[in-house]
Amino acid sequence: MTDLSARDLLRRIPKVDRLLAAAELEALHLTYPRLEIVGRLRETLDALRRQASAGTLREADLEVQAIRDRIEERLIRRFRPYYRRVVNATGVILHTGLGRAPLAPEAVTAISELAAHPQRVEIDLETGERGGRGLGCERLLCELVGCEAAAVVNNNAAATMLILAALARGRRVLLSRGEMVEIGGSYRIPEIMRESGAVLVDIGTTNRTHERDYRQALDDEAGMILKVHTSNYRVVGFTSEVEIDALCTIGREHGVPVVHDLGSGCLVDLAAHGRPGEQLVRDSVAAGADLVCFSGDKLLGGPQAGLIVGRREAVEACRRHSLFRAMRPGRLIYTALEATLRLYLGGTEEAVEKIPALRRLTADVNTLRPRAEALAARLADLPALEATAIECASQAGSGSMPAREIASWGVRIVPRDVSVKAFATDLRRGEPAVLTRVQDDALIIDLRTVDEDECVEIEQRLRQLSSVPD
Ligand SMILES: *Cc1c(COP(=O)(O)O)cnc(C)c1O
């Protein structure tokens, strides 16, 4: 091609009208609004002019097809949703940054069938009267955990706040020093207490709290004994804490309500599936706690919600408080939650099989190994990286089963030509975004949080990245 001067090139940049009418842009007109196409087209032409002035414009850049491609690139970027699917290969099952529990197909179907339509929320279809917004979920919760009453709010932080405001405003709330948690995202128990108008009384010491510590602190001003699950840390060594059963006994003796913030709120015993030790909501209720609160999107495996269960009068006190209305979830949350809770009616086996969070948590490590080996084998021909199946450790995440690692298998990826960090970034940027764990100068793809069809996508993404000429 002949060398053209910057001025010649500038003059040859096509005009807006001509481009808009060009056959090459026809497909774009079918997909995007005209206003958007014009906007991105002008931006592209501006960029071409800047290139011309900088002397970096080539004749090929001026071809209509090339311009069209640049317009489309801008349109795609602009129309790509912020909230989009990612592949979670981090091995953190309930990843707060990735929306915690993925919903069961039953919950997804329930939402998609109702979202575009009016639905029953607060209307009694027998009488036509108003009332019972949370009823669909509350009935199931009562049955599943053996409580008198239940209420649903936006999340567990809201539930804790509401309980304190409704039952303990201006009163003393006894809490062990060992349970003074910060969950992250500015959720700190002492601050929630202050905001709710309750007065925190710390009991015992960081590592040891005894029944006598609670008894000594119980006076006429005491409005509540609170127990908080130490969701994201463990106190080990010379330790002692007072279990919920003993606290309920002390509370009954003194006529003081006992509240248990369980955090993750497990509904079924996973001991038979190799995951013992998580406190069950049902056990705290049976111990006699006046209220128990927990999240909908942690071990329960449903949508984000805060669930309050317990004695009728205590639940009603929460419901009557003005904050309750301010913490009310949207209709689709109730819908997804009801569908998720219904999956527990069939017992533990069915729940574990049908609820993705539980299925991933309990997946037998022996089923993960062959999948990891198969993926590593499929990646063996890629020259740009080295892939090896390895043992690794997953985590429940989101403050469920803290500091307990779950044996898993994954694929260790070492890129040959770029840094691990740059490779991880490339994986996050593409479609679908793949999030991995960076560990010991390698990427780990943990198979515990990756489904089989996602494995195929990961392989495709790795192939794409490996075929990019350097
Ligand atoms: C996770 C957690 C919370 C916060 O629950 P959200 O549903 O995220 O608001 C509160 N308390 C405990 C003990 C938790 O583990």
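As a starting point, this report considers the structure included with it. (Residues numbered from 1 in each chain as written. Predicted model: local features only at pLDDT ≥ 70, side-chain atom pairs only at ≥ 80, totals over all residues. Heavy atoms only, no water.)

## Things to note about the sheet that holds strand β14 (residues 437-439)
(1) Moving on: The sheet built from four strands is open, its strands ordered β11-β12-β15-β14 with antiparallel pairing. The open sheet has two edge strands, β11 (385-394) and β14, and neither has a second partner. Each strand axis lies, on average, 35 degrees off the axis of its neighbour in the sheet, ignoring direction.
(2) Moving on: With three bridges connecting them, β14 and strand β15 (residues 442-446) associate as antiparallel partners. (Pairing = 2+ DSSP bridges. Helix = DSSP H or I, 4+ residues; strand = E, 2+ residues; numbered from the N terminus. Axes fitted to C-alpha atoms, helices over the stretch in contact; angles between N-to-C directions.)

## What to know about unusual backbone geometry
(1) Moving on: Here the bond from Glu431 into Pro432 is cis, since omega is -10 degrees, no more than 30 degrees from zero.
(2) Moving on: Here Pro432 lies in the loop between α19 (420-429) and β13 (433-435).
(3) Moving on: Despite not being glycine, Asp440 has its phi angle at roughly 50 degrees, a positive value.
(4) Moving on: Locating Asp440 in the fold gives a position in the loop between β14 and β15.

## Describing the side chain of Ser394
(1) Moving on: Within the secondary structure layout, Ser394 lies in strand β11.
(2) Moving on: For Ser394, a relative accessible area of 0% gives the class buried.
(3) Moving on: A distance of 3.3 Å separates a polar atom in the side chain of Ser394 from a polar atom in the side chain of Ser408.
(4) Moving on: Not counting the four nearest positions on each side in its chain, Ser394 is found in contact with Gly91, Arg404, Glu405, Ile406, Ser408, Asp446 and Arg448. (Buried < 20%, exposed > 50% of the residue type's maximum accessible area, 1.4 Å probe, protein only. Polar contact = N/O pair within 3.5 Å; in protein donor to acceptor, adjacent residues only side chain to side chain. Contact = heavy atoms within 4.5 Å.)

## Describing the packing of helix α8 (residues 156-168) against helix α13 (residues 312-320)
Geometry of a packed helix pair, given as the angle between the helix axes and the separation of the axes.
(1) Moving on: Close contact between α8 and α13 brings their axes to 9 Å; oriented N to C, the two are set at 100 degrees. With respect to their mutual orientation, α8 and α13 come out roughly perpendicular. For the pair α8 and α13, contact is made by Leu162, Ile163, Ala166 and Leu167 and by Ala314, Ala317 and Cys318, respectively.
(2) Moving on: The residue makeup of the contact of α8 with α13, split by class, is seven nonpolar, no polar and no charged. (Parallel < 35°, antiparallel > 145°, perpendicular 65-115°, else oblique. Nonpolar A, V, L, I, M, F, W, Y, C, P; charged D, E, K, R; others polar.)

## Overview of the site of the ligand
(1) Moving on: The full set close to the ligand counts 13 residues, and Ala157, Ser231, Asp261, Ser295 and Lys298 are the nearest of them.
(2) Moving on: Contact between the ligand and Asp261: a nitrogen atom at 2.8 Å from a side-chain N or O atom of the residue.
(3) Moving on: In this structure, an oxygen atom belonging to the ligand sits 2.7 Å away from a side-chain N or O atom of Ser295.
(4) Moving on: Compared with its free state, where it exposes 380 Å², the ligand has 94% of that area covered by protein.
(5) Moving on: Going through the elements one at a time, α8 and β8 (258-263) are the ones with two or more residues in the shell around the ligand. (Near = heavy atom within 4 Å. Areas by Shrake-Rupley, 256 points an atom, 1.4 Å probe, with all protein chains shown as cover.)

## Some thoughts on the pattern of salt bridges
(1) Moving on: Within the structure shown, the criterion is met by 39 salt bridges.
(2) Moving on: Residue Glu122 is joined to Arg328 by a salt bridge in which the shortest nitrogen-to-oxygen separation is 3.5 Å. Residue Glu122 is located in the loop between α6 (105-114) and α7 (135-145), and its partner Arg328 is located in the loop between α14 (322-326) and α15 (331-342); the two are separated by 206 residues in the primary sequence.
(3) Moving on: Glu452 is the salt-bridge partner of Arg371, the closest N and O atoms lying 2.5 Å from each other. (Salt bridge = Lys/Arg side-chain N within 4 Å of Asp/Glu carboxyl O.)

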